[in-house]
Amino acid sequence: MAKRLAVPSKDLQLHLVGSRDSFKASRIQRVSLNAEQQIDTKDELGNSQHVGDAKDTPNITLSFSAFDTGIKIFAALTGTNPAAYPGAGVDISNLGEVDAVLMVKDEIVSDFAKTIHGHKLQIRDFTFNYSVDGDATEEYSAIGSERRYLKYDVVVDKFVSGTTSFTLSQTPIQLKNGNYALSVILDGEYLTEVSTAPATGEYRIVGTTLTTGDSRVSQVLAVYHSDPAGTNWSDVSDADMPAAIKGRDVKINIAANDISRVQSVNINGNLNVQAVKELGNRAVVGYQRQVPSIEGSITVLDTDNDLVSLFTDLS
């Protein structure tokens, strides 16, 4: 049978695995998971040929855009329960590390043709856009150093009971690096896989048994590659959220003042993250977050001096 021409948007899903739960992201409009491999060609005196290439740690960048229809995406990225979202909101400093999974549907059957997994990606920046004639949107970028193309499904098991021993729902397939899990997140902390009895900050997988060196307090998330029986693709379906939000339903207030004739608002945030590396480790250890910066712009029809007066009073 001939290969299909391309993968249409209906056959691609983005799953976000945050510190608390996994979320089949809804209202996604664009997603990319790019890799940049820095390669330096080396020469030497007395040799007419190149000696070879030296590779540095790759840079993985996830970027995606969605219609801004609620708090579910932001909740997944901050480890917040969307069903008990705080009335005072969640600070952007809680935008932490996530796993991203791109699920590609088979052309014929309702199963996965392949999956792409990004491990321990740190949210770097975000943009919220609102305009009088357009849809409200939210965009995010995250960075990391590990990406894998996988033949079968990426399974996410969540455990809210048990202390240090947990049973996986499927049999994991061993990865090329020798590990059996893509990620194990215990109470928001990423653990390291070992083949012996795990100490603090570590875990081990034997068969379908996951053992952690630390006791569970809230939840454990296990992310791994497996080939479950049956057809496991299901469409994104989120009837609790509107299809999109138009500018007519976005009200703008500044310091509790209702602003009229607003045409567009853009909010840009940058967490100013810095990669932390170490000798003997091919992956980035983590990311140090500095003081975040927030910038924005507002466009208003020039009808009176109300907005100028407001900004003058605030200065």
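Please refer to the structure higher up on the page.
What counts and how
- Residues numbered from 1 in each chain as written.
- Predicted model: local features only at pLDDT ≥ 70, side-chain atom pairs only at ≥ 80, totals over all residues.
- Heavy atoms only, no water.
- Helix = DSSP H or I, 4+ residues; strand = E, 2+ residues; numbered from the N terminus.
- Buried < 20%, exposed > 50% of the residue type's maximum accessible area, 1.4 Å probe, protein only.
- Contact = heavy atoms within 4.5 Å.
- Areas by Shrake-Rupley, 256 points an atom, 1.4 Å probe, with all protein chains shown as cover.
- Lys, Arg positive; Asp, Glu negative; His and termini not counted.
- Charge placed at Lys NZ, Arg CZ, Asp CG, Glu CD.
- 1 Å grid on protein atoms, 1.4 Å probe; cavity = no way out; pocket = protein on both sides within 12 Å on 5 of 7 lines; lining within 4 Å.
- Points joined across faces, edges and corners; volume = space filled by probe spheres on them.
- Nonpolar A, V, L, I, M, F, W, Y, C, P; charged D, E, K, R; others polar.
- Phe/Tyr/Trp six-rings, centres within 6.5 Å; stacked < 30°, edge-to-face > 60°.
- Salt bridge = Lys/Arg side-chain N within 4 Å of Asp/Glu carboxyl O.

Undergrad: Honestly, the overall build of the protein chain in this entry has me stumped. Any pointers?
TA: The secondary structure content of the protein chain amounts to 2 helices and 24 strands. When burial is assessed residue by residue, the protein chain has 39% of its 315 residues classed as buried. A separation of at least 24 residues holds for 68% of the contacts in the protein chain among residues at least 6 apart in sequence. Looking at the protein chain as shown, the accessible area adds up to about 17600 Å², and 47% of this sits on carbon and sulfur atoms. Of note, the protein chain has its 28 positive side-chain charges centred 6 Å away from the centre of its 40 negative side-chain charges.

Undergrad: Please explain the layout of surface pockets as it appears in this structure.
TA: To find leftover empty space, a probe the size of one water molecule is rolled over the atoms. One number sums up the size of the largest pocket: a volume of about 490 Å³. Contributing to the lining of the largest pocket are 24 residues, with His119, Glu146, Leu191, Thr192 and Ala283 lying nearest its centre. Of all the secondary-structure elements, those providing two or more residues to the lining of the largest pocket are strand E8 (112-131), strand E10 (146-150), strand E13 (183-186), strand E15 (192-193) and strand E23 (286-289). The residue makeup of the lining of the largest pocket, split by class, is 11 nonpolar, 9 polar and 4 charged.

Undergrad: Looking at this model, I keep getting lost on the environment of Gln49. Mind explaining?
TA: Mapped onto the fold, Gln49 is located in the loop between strand E4 (39-42) and strand E5 (52-55). In this structure Gln49 comes out as exposed when scored by relative accessible area, which is 54%. Note: C-alpha distance between Gln49 and Ile298 (249 residues apart in sequence) is 58 Å.

Undergrad: What is the right way to look at empty space enclosed by the protein in this model?
TA: A complete count under the given rule lists 1 cavity of 30 Å³ or more for this structure. Of the voids in this model, the largest cavity is the one considered here, and its volume is about 60 Å³. In terms of residue class, the lining of the largest cavity is made up of 3 nonpolar, 3 polar and 4 charged.

Undergrad: Can you walk me through the packing of aromatic side chains in this structure?
TA: Describing an aromatic ring pair means giving the distance of the ring centres and the angle of the ring planes. This structure, assessed with the given rule, holds 5 aromatic pairs. Relative to Trp233, the ring of Phe112 has its centre 5.9 Å away and its plane inclined at 65°; by these criteria the two rings are edge-to-face. Of this pair, Phe112 sits in strand E8 while Trp233 is found in the loop between strand E18 (220-226) and strand E19 (253-254), placing the two residues 121 residues apart along the sequence. Taken together, the ring pairs in this structure connect Phe64, Phe126, Phe128 and Tyr140 into an aromatic cluster.

Undergrad: Even after reading the chapter, I still don't get the pattern of salt bridges, so can you show me in this structure?
TA: In a structure, side chains of opposite charge can pair up when their charged atoms sit close to one another. Applying the stated criterion across every chain yields a total of 9 salt bridges. Each of Arg20, Asp21 and Lys158 takes part in one network of salt bridges that share partners.

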